[in-house]
Amino acid sequence: MMNPLPPASDAAPPARAPRDAVTGSLEHPTEDAARVALLDTAGAMAGLGLNHGSAGNVSLRWHRGGSDGLLVTPSALPYERCTVDDLVWMPIVPRAGGAADPVPDGHRRPSSEWRFHHDLYAVRPEVQAIVHAHAPHCTALACLPAVQQAGIPAFHYMVAAAGGRDVRCAPYATFGTQALSDHVLAALEGRRACLLAHHGMIAVGASLEAALALAVELEWLARTYGLALGLGEPACLPADEMDRVLAKFADYRP
Ligand code: 13P
C-alpha cells in the first residue's frame with residue numbers, strides 16, 4: 001500500500017517533524033518510513049503494467065545529517081525479493097572535473113543507474129523522487145526513429161503533463177553510463193518525464209506518488225499514441241494551444 005495513513009481518530013493529530021528537519025520530512029518522518037514508501041513504489045510498478053522483474057529503478061531524495069543524498073533501489077534484485085534493508089543510501093556530491101564517485105552506504109550495490117538519479121537531484125532541487133521503468137508502450141515507441149528524433153508530439157493535450165509541448169526522447173547510451181546520465185539531464189531540462197531510446201522511460205516528481213502517477217500517465221500516452229499511429233497520421237495540437245494547457249496545468253490541483 002502506498003503511503004499508509006494513520007488510523008482515524010478524534011484525538012488531535014500528533015506533532016510532526018518540520019519539513020526542514022535535519023532528517024525527515026512531512027511526508028516521511030523517519031528514514032524507515034521513507035524506505036517503506038520507496039519499496040512500495042518500486043513494488044507497485046509491475047501491477048501498474050510499468051515494469052517486470054528487476055528492470056527499472058526508483059529513488060527518493062533523502063538527507064542524512066547535514067548531507068544531501070538519496071535512497072535508491074539495489075541493482076539486479078527483483079522488487080518482490082527486496083526488503084527495506086536492501087535499499088542503498090548515497091550522498092549527493094559535486095562530480096565535475098573527474099571528482100570521485102559518491103560512496104554508497106548499504107550492503108547491496110546501488111542501481112546501476114545511480115548516475116542519472118544522483119545527477120538529477122544535484123541539478124534539480126525541486127525533484128524529490130525518480131521512477132525509471134522499462135514500460136512496454138514507452139519502450140516500443142522509443143525504438144522508432146521518428147520518435148527518437150521528435151519525441152511524442154502534441155497528439156493529445158495530456159502530453160503537457162510531462163512539462164512541455166512534447167515528450168522528448170533521450171538518445172541511446174549504454175545503461176549505467178555517464179553518457180546516459182548526460183542525455184537524461186538534457187532530455188529532462190525543464191521537463192518532468194522523457195523516453196529513453198531503446199530502453200524505457202523516466203518520470204520525476206515532488207513525491208514518490210507524483211513520480212509514479214506521471215509514469216502511469218506517460219505509459220498511457222505512449223500506448224494511445226501507438227494506437228493512433230496504427231490508424232494513420234495523428235494530427236497535433238498547435239503550439240499556442242499547448243501553451244494554454246501548460247498554463248492551466250500550473251493551476252490544476254484539487
Ligand atoms: P538496476 O537493476 O541496476 O537498477 O538496472 C535495471 C535497469 O533498468 C537498468 O536501466
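These numbers were taken from a predicted model, which means no experiment stands behind them. (Residues numbered from 1 in each chain as written. Predicted model: local features only at pLDDT ≥ 70, side-chain atom pairs only at ≥ 80, totals over all residues. Heavy atoms only, no water.)

Turning next to the pairing of strand β1 (residues 57-61). Most of β1 is tucked away: five of the five residues are buried. Residues Asn-57, Ser-59 and Arg-61 line one face of β1 and the alternating positions Val-58 and Leu-60 line the opposite face, and both faces are buried. When β1 meets strand β4 (residues 129-133), the two strands line up antiparallel, connected through four bridges. Its bridge partner being in β4, Ser-59 is matched across the sheet by Ile-130. Relative to strand β2 (residues 69-72), β1 runs antiparallel, the two sharing three bridges. Residue Ser-59 lies in a different strand from β2, and its bridge partner there is Val-72. (Buried < 20%, exposed > 50% of the residue type's maximum accessible area, 1.4 Å probe, protein only. Helix = DSSP H or I, 4+ residues; strand = E, 2+ residues; numbered from the N terminus. Pairing = 2+ DSSP bridges.)

Our focus in this paragraph is the confidence of the model for the protein chain. On average, residues of the protein chain carry a pLDDT of 91, and 90% of them reach 70 or more. Under a pLDDT of 50 for its full length, residues 1-22 has, in the predicted model, 17 contacts with residues more than four places off or in other chains. (pLDDT = per-residue confidence, 0-100. Contact = heavy atoms within 4.5 Å.)

Surrounding the ligand, one finds 13 residues, the nearest of these being Ser-75, Ala-76, Ser-111, Ser-112 and Glu-113. The backbone of Ala-76 places a nitrogen or oxygen atom 2.8 Å from an oxygen atom of the ligand. At 2.7 Å, a side-chain N or O of Ser-111 approaches an oxygen atom of the ligand. Grouping the amino acids of the shell around the ligand by side-chain chemistry returns three nonpolar, nine polar and one charged. (Near = heavy atom within 4 Å. Polar contact = N/O pair within 3.5 Å; in protein donor to acceptor, adjacent residues only side chain to side chain. Nonpolar A, V, L, I, M, F, W, Y, C, P; charged D, E, K, R; others polar.)

Let us now look at the packing of helix α2 (residues 114-123) against helix α5 (residues 178-187). In contact at an axis separation of 9 Å, α2 and α5 are set at 40° when each is read in the N-to-C sense. Here α2 is positioned oblique relative to α5, judged by the angle of their axes. Relative to α5, the crossing made by α2 is right-handed. Touching Arg-115, Phe-116, Asp-119, Leu-120 and Val-123 of α2 are Gln-178, Leu-180, Ser-181, Val-184 and Leu-185, all from α5. Residue composition of the contact of α2 with α5, by class: six nonpolar, two polar and two charged. (Axes fitted to C-alpha atoms, helices over the stretch in contact; angles between N-to-C directions. Parallel < 35°, antiparallel > 145°, perpendicular 65-115°, else oblique. Left-handed = near helix turned anticlockwise from the far one by under 90°.)

Its place among the elements puts Glu-113 in the loop between β3 (88-91) and α2. An unpaired buried charge is present at Glu-113: no salt bridge exists, and Arg-115, the closest side chain of opposite charge, is 7.2 Å distant. Setting aside chain neighbours within four positions, we find Glu-113 in contact with Asn-57, His-132, Phe-175, Gly-176, Leu-180 and His-199. (Lys, Arg positive; Asp, Glu negative; His and termini not counted. Salt bridge = Lys/Arg side-chain N within 4 Å of Asp/Glu carboxyl O.)

Counted under the stated rule, the structure contains three aromatic pairs. Judged by centre distance (4.9 Å) and plane angle (40°), the rings of Phe-155 and Tyr-225 are tilted. Separated by 70 residues along the polypeptide, Phe-155 in the loop between α4 (145-150) and β5 (169-170) and Tyr-225 in helix α6 (residues 208-231) bring together distant segments of the chain. These aromatic residues form a ring-pair network of at least three members: Tyr-157, Phe-249 and Tyr-252. (Phe/Tyr/Trp six-rings, centres within 6.5 Å; stacked < 30°, edge-to-face > 60°.)

If you walk across this open sheet you meet the seven strands as β3-β2-β1-β4-β7-β6-β5, and the pairing is mixed. Here the strands that pair on one side only, and so sit at the sheet edges, are β3 and β5. Sheet analysis places β4 next to strand β7 (residues 200-205), joined by five bridges and oriented antiparallel. Considered in β7, the bridge of His-132 is made with Ile-202. Seen against the sheet, helix α1 (residues 31-47) touches β1, β2 and β4 and runs at an angle of roughly 150° to β1.

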